[in-house]
Amino acid sequence: MNEAVKKDLAEAREVCPTTSQRLLKEGALLVDVREPHEVAQVGYAGCDVVNIPLSQFEDRWQEVPRDRDVILACAVGERSLKATYFLMYQGYDRVMNMKPGIARWVARGFPITGSAEAAAASESASSCCVGSAEPTPAASSCCGGDSGSGTGKCC
Amino acid sequence: MEIKVLGPGCAKCKATADLITRVAGETGKDVTIDKVEDMRQIVGFGVMTTPAVVVGDKVVHKGSVPSHDQVLSWLN
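All of the points below concern the structure found in this document. Fair warning: this is a prediction, and the values are worked out from it, not measured in the lab. Every residue gets a number counted from 1 within its own chain, in the order that chain's sequence is written. Note on labels: chains are lettered from A, ligands numbered from 1, in written order. Residues qualify for local features only when their pLDDT is at least 70, as the model is predicted, and side-chain atom pairs are given and counted only at 80 or more; totals for whole chains, interfaces and linings, by contrast, use all residues. The side-chain numbers reported here are obtained from all heavy atoms of the structure, hydrogens and water having been left aside.

Another point: helix α4 (residues 79–89) of chain A. Burial of α4 of chain A is extensive: ten of the eleven residues sit out of reach of the surface. Contacts were defined at the residue level, with two residues in contact if any of their heavy atoms lie within 4.5 Å. Strands here mean DSSP runs of E at least two residues long; helices mean DSSP runs of H or I at least four residues long; both are numbered from the N terminus. The elements touched by buried residues of α4 of chain A are β1 (14–15), α3 (57–60), β5 (70–73) and β6 (95–98) of chain A together with α2 (39–43) of chain B. One or two positions beyond α4 of chain A, positive phi appears at G91 of chain A, with a value near 100°. The buried label goes to any residue with under 20% of its type's maximum accessible area, the exposed label to any with over 50%, and the partly exposed label to all in between, with areas taken from a 1.4 Å probe on protein chains only.

Printed below as a string of structure tokens:
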């Protein structure tokens, strides 16, 4: 089929919707990997966003620019994590995964297209930023990880 | 020989591993199956669609349960 070059990928950088908002305002691109019918219900807005569904990602990943920060997003942050790792495999080094996804984005009052109610269906029980006594491990930090961008608290 | 089955532990991944085990038994080949279920490791092979099969260092199949004949060809 193909010659697999096995790569030991570093842990993906994860950012929460609030940190994503800041990065998007600073010029990052949001890549929504949800399927078109999901995007039609409720979509990310107010930023530079493109939709490359995960089902098409292997064929279309080259549409993702290498020369700017890219935030991958989906409903809860699982599919976009896969896409993030795939781009890292392809040599991208300015990619990060937004976790959680659209429901938290809506809950924070960030811009959307479509219906906010639709986002509730995507709600995940997982939370990285709400009332936890345990610190989030650095590798899966929701607040900028080791980017060195001086994020501070985001949530 | 070692064969890796890449997948998150879904039914198709299990069916793939079971098929390889069965065909290996039929042919008398000594095969070790290594199930790789961690997403980061799976994508580390450049694979997005699972189940996928790695023989040696080569991804020989991805995206579905392989056929009996495909598995046979990998073992020979």
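Moving on, we get to the sheet that holds strand β4 (residues 49–51) of chain A. Residue and element names in this part refer to chain A. With respect to topology, five strands assemble into an open sheet ordered β1-β6-β5-β2-β4, the strand pairing being parallel. Each edge of the open sheet is held by one strand with a lone partner, namely β1 and β4. Here, any two strands with at least 2 DSSP bridges between them count as paired. Across four bridges, strand β2 (residues 29–32) lies against β5 in parallel orientation. Looking across to β5, one finds that L30 is bridged to I71. In the packing of α4 onto the sheet, contacts are made with β1, β5 and β6, and the angle to β6 comes to roughly 175°. Axis definition: a line fitted to C-alpha atoms, over the contacting stretch in the case of helices. Angles run 0 to 180 degrees between N-to-C directions.

Quick look at the nonpolar core now. All names here are of chain A. In these notes, a set of buried Ala, Val, Leu, Ile, Met, Phe, Trp, Tyr and Cys residues joined through side-chain atoms within 4.5 Å is what counts as a nonpolar core. One finds V31, V33, F57, V64, L72 and L87 to be the most contacted residues of the largest nonpolar core, which totals 24 residues. Contributing elements (two or more residues each) for this core: β2, β5 and α4. A total of seven residues in this core trace back to one element, the largest contributor, which is α4. Among residues more than four places away in sequence, those in contact with V31 are V50, I52, F57, V64, V70, I71, L72 and A73. In this structure, V15, L30, I71 and A73 belong to the second largest nonpolar core, which totals 17 residues.

In this assembly, 19 residues from chain A lie in contact with 14 residues from chain B. Carbon and sulfur atoms make up 62% of the surface buried where chain A meets chain B, a total of about 1700 Å² over both sides. The term salt bridge refers to a pairing of a side-chain nitrogen on Lys or Arg with a carboxyl oxygen on Asp or Glu at a separation within 4 Å. Inspection of the region where chain A meets chain B yields two salt bridges. Across the pair E58 of chain A and K62 of chain B runs a salt bridge, and its minimum N-O distance is 3.0 Å. Listed by contribution, the elements that provide at least two residues to the side of chain A that touches chain B are α3 and α4 of chain A. At five residues, the largest contribution of residues to the side of chain A that touches chain B is made by α4 of chain A. Only Asp, Glu, Lys and Arg are considered charged, only Ala, Val, Leu, Ile, Met, Phe, Trp, Tyr, Cys and Pro nonpolar, and every remaining residue, Gly among them, polar. Grouping the amino acids of the side of chain A that touches chain B by side-chain chemistry returns eleven nonpolar, one polar and seven charged. Accessible area that two parts lose when put together, with a 1.4 Å probe and added across both, is what the buried area reports.

Before going further, it helps to spend a moment on the packing of helix α1 (residues 11–27) of chain B against helix α3 (residues 68–75) of chain B. Residues and elements named next belong to chain B. Where α1 meets α3, the closest approach of the two axes is 10 Å, and the angle between their N-to-C directions is 60°. In this view, α1 runs oblique relative to α3, as classed from their interaxial angle. The interaxial crossing formed by α1 with α3 has right-handed handedness. Within the contact between the two elements, α1 uses L19, I20, V23, A24, E26 and T27 and α3 uses H68, V71, L72 and L75. Across the contact of α1 with α3, the residue classes tally to seven nonpolar, two polar and one charged. Every angle not falling under 35 degrees, over 145, or within 65 to 115 is termed oblique; those three ranges are roughly parallel, roughly antiparallel and roughly perpendicular. Put simply, a crossing is left-handed when the front helix is turned counterclockwise from the back one by less than a right angle, and right-handed when it is turned clockwise.

A few words on the pairing of strand β2 (residues 32–36) of chain B. Residues and elements named next belong to chain B. Here strand β1 (residues 2–6) runs beside β2; their pairing, made up of five bridges, is parallel. From the neighbouring strand, K4 faces β2, where its bridge partner is D34. A crossover connection joins β1 to the parallel β2 through α1; in handedness this β-α-β unit is right-handed. Look down the strands so they point away from you; if going from the first strand over the helix to the second traces a clockwise path, that crossover is right-handed.

Checked against the element boundaries, Q56 of chain A lands in the loop between β4 and α3. According to the relative accessible area criterion, Q56 of chain A is partly exposed, its value standing at 30%.

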